[in-house]
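Structural description and commentary
Single-letter residue listing:
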Amino acid sequence: MKQEQHNHQKRLVSVALKLAKPTAYFTLLLLTYTLGYLSSPSATSLPSTPTPTINELTNLPSQLDNFRVTSHCADPLPAELVRQTILHRVYNGTSPFEGFPPAHVSSLLRHQRIKGWGSTGAVFDHLIQKVKPRTIIEVGSFLGASAIHMAGLTRELGLDTQILCIDDFRGWPGFRDRFKDIQMINGEVLLMYQFMQNLVSKNASESVLPVPFSSASALGKLCEWGVYGDLIEVDAGHDFLSAWSDINRAYRVLRPGGVIFGHDYFTSADDRGVRRAVNLFARIHGLKIKLDGQHWVIDSTN
Ligand SMILES: C[S@@+](CC[C@H](N)C(=O)[O-])C[C@H]1O[C@@H](n2cnc3c(N)ncnc32)[C@H](O)[C@@H]1O
């Protein structure tokens, strides 16, 4: 009899254990789910984390590192040495206009083929009158429309100005859909030759020099050589990353007190990133953006 009672108790305990296991699992699951839900960012009962301001972001050491440039640019060269320095560093001391155009391309060039965008806007006149630049750096020159316009303005004012035109002279993928008349030889588009021909046709080859490299590498070298601009125009790649990189690199070679400006703050290109890059740059450096037509202007003295 005692044995029977003992067996009965054992069965009860084993049934209870069998029932308790799933209940415990279920309770644990419920608890985990509830805690997870409550701690999730979408839980409405908890306040959402405020978006950090740009100042907070830039003041974080890890974020500051992203904007920090450790190398210093060389001391500024005197303006009268700028042309000679570029000729020496880029062209082995010989002007690219000497013997131009070479026989194998002369029949492929048009006497003048000048096309730009906002290239003769009032902003050029305003800034050249104001800054009276000895050195202008243009980032993005294409066929030279804006460079030729600036050369004319500086001449009218009797300034002795050199304009350095940084451009890889590749245009952009597909640009020949609109510029079929710019010839190609074995895949090499004749953009730089046509740019040079345009300068020659406007008698501007003494005051303008092409610097035919990517904007990043060319601006980096100007910094290393101590070539600074009193006036810098940024008008190359119009996506955010290109504009951001160009503005940051160009600002390093802006002579203290100089002015940096660029096109497409108010055109469809601002959607691609120009405007966002300019705004972010100005906020980080505490600079004011002024607007002049379709152009943005940052005066380093304000
Ligand atoms: C809008 S066009 C410049 C127009 C010129 N400022 C004018 O108003 O007559 C842009 C030029 O930037 C050049 N470009 C674009 N991205 C570049 C880069 N990363 N490096 C060098 N040149 C670049 C293209 O080859 C093109 O000629």
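Relevant structure appears above.
This one's a predicted model, so the numbers in the text were calculated from it and none came from an experiment.

Here we look at the overall build of the protein chain
When its secondary structure is counted, the protein chain shows 12 helices and 9 strands. Split into buried and exposed, the 302 residues of the protein chain put 30% on the buried side. Counting contacts in the protein chain only where the partners sit at least 6 residues apart, residues at least 24 apart contribute 78% of the total.

Re the nonpolar core
Generally speaking, soluble globular proteins have nonpolar side chains that are buried together. Counting residues in hydrophobic clusters, the biggest one holds 57 residues, and the most contacted among them are Ile137 and Ala250. Beyond its immediate chain neighbours, meaning those up to four positions away, Ile137 contacts Leu164, Ile166, Leu222, Gly229, Ile232, Ala250 and Val253.

A short note on the site of the ligand
Close contacts around the ligand come from 20 residues, with Gly116, Ser119, Gly140, Phe142 and Ala145 the closest. Residues belonging to the shell around the ligand are distributed by class as follows: 6 nonpolar, 10 polar and 4 charged.

As for the packing of helix 6 (residues 122-131) against helix 7 (residues 145-156)
Where helix 6 meets helix 7, the axes come as close as 10 Å, and the angle between the chain directions of the two elements is 40 degrees. Regarding the angle of helix 6 to helix 7, the classification is oblique. Where helix 6 crosses over helix 7, the two elements pack in a sense that is right-handed. Across the interface between the two elements, Phe124, Asp125 and Ile128 of helix 6 pack against Ser146, His149, Met150, Leu153 and Thr154 of helix 7. Of the residues assigned to the contact of helix 6 with helix 7, the class counts are 4 nonpolar, 3 polar and 1 charged.

Quick word on the sheet that holds strand 5 (residues 208-211)
What the 7 strands build is an open sheet, ordered 5-2-1-6-7-9-8; its pairing is mixed. Of all strands in the sheet, those with a lone pairing partner are strand 5 and strand 8 (290-292), marking the two edges. Adjacent strand axes in the sheet meet at a mean angle of 20 degrees when their direction is disregarded. Taken together, the 5 bridges between strand 1 (residues 135-139) and strand 2 (residues 162-166) define a ladder with parallel strand orientation. What sits directly across from Val139, in strand 2, is Ile166. Docked against the sheet, helix 4 (residues 82-91) engages strand 1, strand 2 and strand 5, running at close to 35 degrees with respect to strand 5. Sheet strands touched by helix 7: strand 1, strand 2, strand 5 and strand 6 (229-234). Its angle to strand 2, the strand with the most contacts, is close to 175 degrees.

Conventions adopted
Residues numbered from 1 in each chain as written. Predicted model: local features only at pLDDT ≥ 70, side-chain atom pairs only at ≥ 80, totals over all residues. Helix = DSSP H or I, 4+ residues; strand = E, 2+ residues; numbered from the N terminus. Buried ≥ 20, exposed ≤ 12 C-beta atoms within 10 Å, placed from the backbone. Contact = placed C-beta atoms within 7 Å. Core = buried A, V, L, I, M, F, W, Y, C linked by C-beta atoms within 7 Å. Near = placed C-beta within 6 Å. Nonpolar A, V, L, I, M, F, W, Y, C, P; charged D, E, K, R; others polar. Axes fitted to C-alpha atoms, helices over the stretch in contact; angles between N-to-C directions. Parallel < 35°, antiparallel > 145°, perpendicular 65-115°, else oblique. Left-handed = near helix turned anticlockwise from the far one by under 90°. Pairing = 2+ DSSP bridges.

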